[in-house]
Amino acid sequence: MQWSTIYNVFVRDFRKQKKRITLTIIALCWGTISIMLLLGFGEGLHRQLSVNGKGMGEGISVLWPGQTSLPWKGLGKGRPIRFVPEDVDYLKNKIPELKEVGGEYHRWGVSIKYGDKVVSEHINGLSPNYQDMRNHIPAAGGRMINDLDMQYKRRVVFLGNKLAERLFSDTPADNDNWFQESPLSKEVAQKAVGKEILINGMPFTVVGVQIHKMQMNSYSGMDADKASIPATTFEAVFGDPWLDNIIYMPNDVRRMKEVERKVFEVLGQKYKFDPKDQRALGIWDVAANQKEMDNMLFGIKLFLGIIGGLTLLIAAVGVANIMYVSIKERTREIGIKMAVGARRGYILTQFLLEAILITFAGGFLGMFISIALTEGFKRVNIQSEVLAFMGRPTISIEIGLVVVAILGVMGIMAGLFPAMKAASVSPVESLRYE
Amino acid sequence: MSNEMLLAAQKPVLTDNVISMNNVRKAYTTGKVTFEALKGVDFHARRGEFLAIVGPSGSGKSTMMNIIGCLDIPTSGDYVLDDQVVNKLNSNQLADIRNRKIGFVFQAFNLLPYATAYENVEVPLLFARVNARQRKERIMALLSRVGLADKVANKPTEMSGGEMQRVAIARALANEPDIILADEPTGNLDTKSGGGIVQLFHELWQSGKTIIIITHDMNIARQSGRVFKLKDGLVDTNGNGI
Ligand SMILES: Nc1ncnc2c1ncn2[C@@H]1O[C@H](COP(=O)(O)OP(=O)(O)OP(=O)(O)O)[C@@H](O)[C@H]1O
Ligand SMILES: [Mg+2]
């Protein structure tokens with residue numbers, strides 16, 4: 001086969017049929033863009049929702065004290081239950097299925113002062129395992145409260161990032177926007193660590209500032225607005241004998257319900273209430289919520305996947321159709337060329353080259369535009385909660401390549417089969433084609 | 001190629017006929033119905049002849065011409081073209097014959113609609129691998145020969161029927177074939193432009209080419225050297241020649 005002949009004819013015809021070729025490329029490009037953007041935004045939304053849903057921690061349950069509503073062993077109903085700090089270790093020892101348990105104190109409206117800035121905020125007494133259970137994650141340069149802090153009842157404080165900004169920045173960002181990471185957060189975190197602040201007039205050293213996190217639910221306010229100190233210090237400083245919350249995390253989140261029953265049994269025995277008394281303790285199974293959320297997210301993903309698949313199918317049919325129609329129209333052209341001496345191989349190679357070039361030009365152009373669009377969308381820094389919920393569109397190159405490959409193969413097959421048919425019959429038959 | 005040398009060596013033994021058909025049949029099958037368009041035709045053409053094929057509509061003229069031009073193959077029978085047994089050739093060899101040995105002119109012109117006069121004439125030259133400089137020379141010479149030197153850049157839609165047929169003739173002549181076949185070349189033209197086309201064929205014949213032309217026009221038939229009559233897929237022996 002003479003490649004220069006094929007090349008000459010190919011280049012010549014390609015230039016001559018710009019309109020048809022441009023249309024095909026645009027169609028392909030459009031198909032690729034719509035699928036990639038659909039999947040890209042879907043992926044972004046999915047990631048964002050699953051991050052948002054987990055800001056408060058994963059696989060945990062939150063307990064708070066209640067009042068008995070059932071009589072138990074001669075005791076009347078309506079008795080208040082109260083947690084003491086010892087309950088934390090008690091639960092851990094009695095229920096081996098528990099991985100972590102933590103007790104928590106709250107106090108609202110505590111004055112916090114740094115330099116000439118004073119705010120009135122929420123103080124938390126908690127344990128180091130809140131880093132894992134509740135995502136109290138320190139920004140670079142700082143740390144969370146640790147075991148030694150607990151042991152020595154140190155006066156150290158771990159600040160929520162919004163609170164830190166209010167204390168350590170002259171220009172704090174909008175205080176109501178928990179969804180957007182503040183541009184100042186890193187700077188503030190660096191600045192705050194090691195500084196001394198006054199809590200109710202008592203000096204505390206800042207050991208860390210929380211990173212920005214998406215928190216969609218809470219039982220005691222947003223972590224970004226709180227100051228956290230060791231639970232032992234809290235007890236000593238504020239003289240508070242009762243824990244406000246106990247939270248726990250089982251080894252295996254799938255055994256949450258079983259663990260919950262044991263918690264009611266163990267505490268029911270200790271505090272003498274009916275383990276079936278749902279009012280004696282308040283409980284919030286965060287993991288169950290998250291499971292619902294995960295199911296919903298899976299649903300969304302499945303839905304987008306199906307839509308994406310259907311879009312791909314439509315695009316593929318469209319591309320196949322254009323290629324097919326144009327080649328049907330070109331059956332006469334094939335007949336003419338064969339009549340003046342084109343060999344079968346020349347015709348097929350020309351059509352194959354053309355189909356490959358068109359489909360891949362369209363596909364990669366579409367991929368390029370999709371990536372450019374999503375990158376552009378990411379750069380637009382709109383301070384908007386809507387965008388924070390929608391997340392960042394995330395284009396996967398792998399998906400793009402698969403899309404291009406599917407469309408490409410469809411286009412090539414749609415282009416090549418009719419050409420093969422036209423080239424395999426006698427030129428007369430192709431010429432007679434109307 | 002040894003095959004060709006063998007055939008060349010045999011040449012004197014064979015006839016002077018450039019085209020030789022013996023008992024050629026062609027059947028078309030449409031669905032379950034088979035129709036025999038040629039029912040055993042013998043046909044011979046000598047080198048340098050000007051031959052007209054006539055016959056009623058549907059008598060099989062185009063069918064026969066397509067076989068002569070290697071655009072189609074007979075269902076049975078032998079066809080020898082320039083001492084080559086066409087029945088035994090593969091599709092590439094047939095393509096090469098169409099490219100170099102035969103120039104075919106159609107009633108419907110069959111030009112590429114998106115290409116200019118120049119580019120249409122270029123097509124057979126590309127498949128014959130003529131280099132760019134020679135292509136240009138030949139195309140310009142051919143287009144001026146058919147009187148279209150000023151229509152080089154026109155597309156078929158920008159030309160009259162007579163002009164399109166002239167482009168088609170220039171294309172048929174591109175690789176300097178010995179044989180020119182024309183299937184009712186004036187069928188779509190008015191008398192005046194038709195006359196011009198016939199004139200062109202005469203000039204080509206005078207320059208030594210073998211011309212075979214299908215026509216309904218008895219005036220044209222009368223100007224040819226010999227008339228071959230077909231009727232119902234068979235040679236009409238009833239007074240060949242006018
Ligand atoms: N592809 C085909 N399939 C079926 N029948 C065909 C086909 N081509 C031609 N025929 C039939 O073969 C017969 C001869 O056709 P052909 O075209 O050779 O006639 P013709 O002599 O050229 O007629 P005209 O003068 O009208 O061009 C006709 O009856 C036609 O219907
Ligand atoms: Mg005919």
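Residues numbered from 1 in each chain as written. Chains lettered and ligands numbered in written order. Predicted model: local features only at pLDDT ≥ 70, side-chain atom pairs only at ≥ 80, totals over all residues. Heavy atoms only, no water.

### Considering the overall build of chain B
When you go through chain B residue by residue, the secondary structure sums to eight helices and 10 strands. Counting across all 242 residues of chain B, residues that qualify as buried make up 52%. About 11,000 Å² of surface is accessible on chain B, with carbon and sulfur atoms providing 50% of the total. (Helix = DSSP H or I, 4+ residues; strand = E, 2+ residues; numbered from the N terminus. Buried < 20%, exposed > 50% of the residue type's maximum accessible area, 1.4 Å probe, protein only. Areas by Shrake-Rupley, 256 points an atom, 1.4 Å probe, with all protein chains shown as cover.)

### Let's talk about the site of ligand 1
Around ligand 1, the structure places 15 residues, and the nearest of them are A:Arg432, B:Ser57, B:Lys61, B:Ser62 and B:Thr63. Neighbouring residues of ligand 1 are not confined to a single chain but are spread across chains A and B. One nitrogen or oxygen atom from the side chain of B:Ser62 is found 2.7 Å from an oxygen atom belonging to ligand 1. In the environment of ligand 1, an oxygen atom lies 3.2 Å from a nitrogen or oxygen atom belonging to the side chain of B:His216. Notes on ligand 1: free accessible area 630 Å², of which the protein chains cover 68%. The set of elements that each furnish at least two residues to the shell around ligand 1 consists of β1 (17-30), β2 (33-46) and α2 (61-68) of chain B. For the shell around ligand 1, the element with the highest residue contribution is α2(B), accounting for three residues. Here the residues of the shell around ligand 1 are counted per class, giving four nonpolar, eight polar and three charged. (Near = heavy atom within 4 Å. Polar contact = N/O pair within 3.5 Å; in protein donor to acceptor, adjacent residues only side chain to side chain. Nonpolar A, V, L, I, M, F, W, Y, C, P; charged D, E, K, R; others polar.)

### Considerations on the packing of helix α11 (residues 331-339) of chain A against helix α12 (residues 344-379) of chain A
Residue and element names in this part refer to chain A. Running from amino to carboxyl end, α11 crosses α12 at an angle of 140 degrees, the nearest separation of the two axes being 10 Å. Judged by the sense of rotation from one axis to the other, the crossing of α11 with α12 is right-handed. Where α11 abuts α12, its residues Ile334, Lys337 and Met338 lie against Ile347, Gln350 and Phe351. (Axes fitted to C-alpha atoms, helices over the stretch in contact; angles between N-to-C directions. Left-handed = near helix turned anticlockwise from the far one by under 90°. Contact = heavy atoms within 4.5 Å.)

### Overview of the side chain of B:Thr116
With respect to the secondary-structure elements, B:Thr116 resides in the loop between β6 (102-105) and α4 (117-127). The contacts of B:Thr116, once residues within four sequence positions are left out, are A:Lys16, B:Val152, B:Ala153, B:Asn154 and B:Lys155.

### Here we look at the sheet that holds strand β7 (residues 179-183) of chain B
With mixed pairing, six strands are arranged side by side in an open sheet as β6-β7-β8-β3-β9-β10 (chain B). Each of the sheet's edge strands pairs with one partner strand only, and the pair in question is β6 and β10 (234-235) of chain B. (Pairing = 2+ DSSP bridges.)

### Some details on the nonpolar core
Core analysis: the biggest nonpolar cluster contains 54 residues, and B:Ile19, B:Phe43, B:Met64, B:Ile68, B:Tyr79, B:Leu81 and B:Ile212 have the highest contact counts within it. Sequence-distant contacts of B:Ile19, defined by excluding residues within four places in its chain, comprise B:Phe43, B:His44, B:Ala45, B:Ile68, B:Tyr79, B:Val80, B:Leu81, B:Ile179 and B:Ile212. Core analysis: the next-biggest nonpolar cluster, separate from the first, contains 51 residues, A:Ile81, A:Ile95, A:Val101 and A:Phe168 among them. (Core = buried A, V, L, I, M, F, W, Y, C linked by side-chain atoms within 4.5 Å.)

### Remarks on the pattern of salt bridges
All names here are of chain A. According to the stated counting rule, one finds 27 salt bridges over all chains in the structure shown. A salt bridge links Lys117 to Asp170, with the shortest nitrogen-to-oxygen separation between them at 3.4 Å. Residue Lys117 is located in strand β3 (residues 117-126), and its partner Asp170 is located in the loop between α6 (161-168) and α7 (185-192); the two are separated by 53 residues in the primary sequence. Here Asp223 ties to Arg134 by a salt bridge, and the two come within 2.8 Å at their closest N and O atoms. You can see Asp223 sitting in the loop between β6 (202-209) and β7 (226-230) and its partner Arg134 sitting in the loop between α4 (130-133) and α5 (147-151), a full 89 residues away along the chain. In this structure, Asp223 and Arg134 share a single accessibility class: buried. Here the salt bridges share partners, and the residues they tie into one network are Glu97, Arg255, Glu258 and Lys262. (Salt bridge = Lys/Arg side-chain N within 4 Å of Asp/Glu carboxyl O.)

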